[in-house]
Amino acid sequence: MEPFRPGGGTLTPTDYLDIQQLVASYGQALDSGIGRDDNGDAYAGLFAPNGVFGRPYTTGYEALVGLARTQPHGRHYVRHFLTNIVIDPAPDGARGRQYLVVVDIGEGGKPSSVLLGGHYEDVYVKTTSGWKFSSRTLYPARTGAQP
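The rules we used
Residues numbered from 1 in each chain as written. Predicted model: local features only at pLDDT ≥ 70, side-chain atom pairs only at ≥ 80, totals over all residues. Heavy atoms only, no water. Patch = residues over 30% accessible without salt bridge, like charges linked within 9 Å, V, L, I, M, F, W, Y side chains within 5 Å. Areas by Shrake-Rupley, 256 points an atom, 1.4 Å probe, with all protein chains shown as cover. Salt bridge = Lys/Arg side-chain N within 4 Å of Asp/Glu carboxyl O. Helix = DSSP H or I, 4+ residues; strand = E, 2+ residues; numbered from the N terminus. Core = buried A, V, L, I, M, F, W, Y, C linked by side-chain atoms within 4.5 Å. Buried < 20%, exposed > 50% of the residue type's maximum accessible area, 1.4 Å probe, protein only. Polar contact = N/O pair within 3.5 Å; in protein donor to acceptor, adjacent residues only side chain to side chain. Contact = heavy atoms within 4.5 Å. Pairing = 2+ DSSP bridges.

Chemist: Looking at this structure, how should I read a nonpolar patch on the surface?
Modeler: A cluster of nonpolar side chains, contributed by F81, V101 and V114, occupies part of the molecular surface with about 260 Å² of accessible area. Take F81: it is sitting in strand β3 (residues 80–90).

Chemist: Where do I start with the nonpolar core in this structure?
Modeler: Generally speaking, nonpolar side chains in soluble globular proteins are found buried as a group. Core analysis: the biggest nonpolar cluster contains 27 residues, and Y26, Y43, F47, F53, Y124 and F133 have the highest contact counts within it. Listing elements by their share of this core, those giving two or more residues are α1 (13–32), α2 (40–44), β1 (47–54), α3 (61–70), β4 (93–104), β5 (113–127) and β6 (130–140). Ranked by residue count, the leading element in this core is α1, at 7 residues.

Chemist: In this structure, what is going on with the pattern of salt bridges? I would like to understand it.
Modeler: Once their charged atoms are close, side chains differing in charge can pair, the charge on each being opposite to the other. Counted by the stated rule, this structure contains 5 salt bridges. The closest approach of N and O atoms between D92 and R95, which form a salt bridge, is 3.4 Å. Using a relative accessible area of 40% as the deciding quantity, one classes R95 as partly exposed. Here R136 ties to D122 by a salt bridge, and the two come within 2.8 Å at their closest N and O atoms. With R136 in strand β6 and D122 in strand β5, the pair connects residues that are 14 residues apart, well separated along the chain.

Chemist: Just to check I follow, could you spell out the side chain of R136 for this structure?
Modeler: The class for R136 is buried, based on a relative accessible area of 0%. A polar atom in the side chain of R136 sits 2.2 Å from the side chain of Q98. Ignoring sequence-local partners within four residues, the contact set of R136 consists of V23, Y26, F47, V52, F53, G54, L82, Q98, Y120, E121 and D122.

Chemist: Looking at this structure, how should I read the pairing of β5?
Modeler: Within a regular beta strand, the side chains point alternately toward one face of the sheet and then the other, so they alternate between its two faces. Pairing of β4 with β5 involves 11 bridges; the strand directions are antiparallel. Counted as the bridge partner of V103 is V114 from β5. The pairing of β5 with β6 spans 10 bridges and is antiparallel. Across the sheet, V125 pairs through a bridge with K132, a residue of β6. Linking β5 to β6, which pair antiparallel, is a turn of 2 residues.

See below:
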C-alpha cells in the first residue's frame, strides 16, 4: 500500500496506528498514570523532549510532569474521552485533531457530569522512542459570543 502524502509528508499505515495509540494513551496517562498512582511521568513521557502543551502553555518534561500532577487523577477516575481522530501527514511529521469530552465521575451515587468539552489540535513528531506530541493545544468549547 502506497503511503498517503498530501502536504509533502509521508505516513505509513503503521504510523497512523502508532499515532492513534499515542492519542489514546493521553487520557489514560493523565487520568490514571496508566495504572500508576503518579500520573506525571506517564503524561510527560508522551511528549517530545521540548514538547509543549498549550492552554496553559507548558514546555518541557519537568513542567509537563508538574502540570499533570495538578489535574484530578487516580485509578478510580475516568475522565478524558477523545474521539473522531483525524491525522494528516505534514513535512515535519504529522498533524491531528480530535474532539474532547471530560466527564467528572459522581462520587457516592451522585450523577456524573460533563466537566469540559472542546477539541485538541496536535503536532506529532517521530522520535527514536516512537511518535510523540511536539505540541498539543486545547480549544475548550464555548457558548455565546466568541473573542
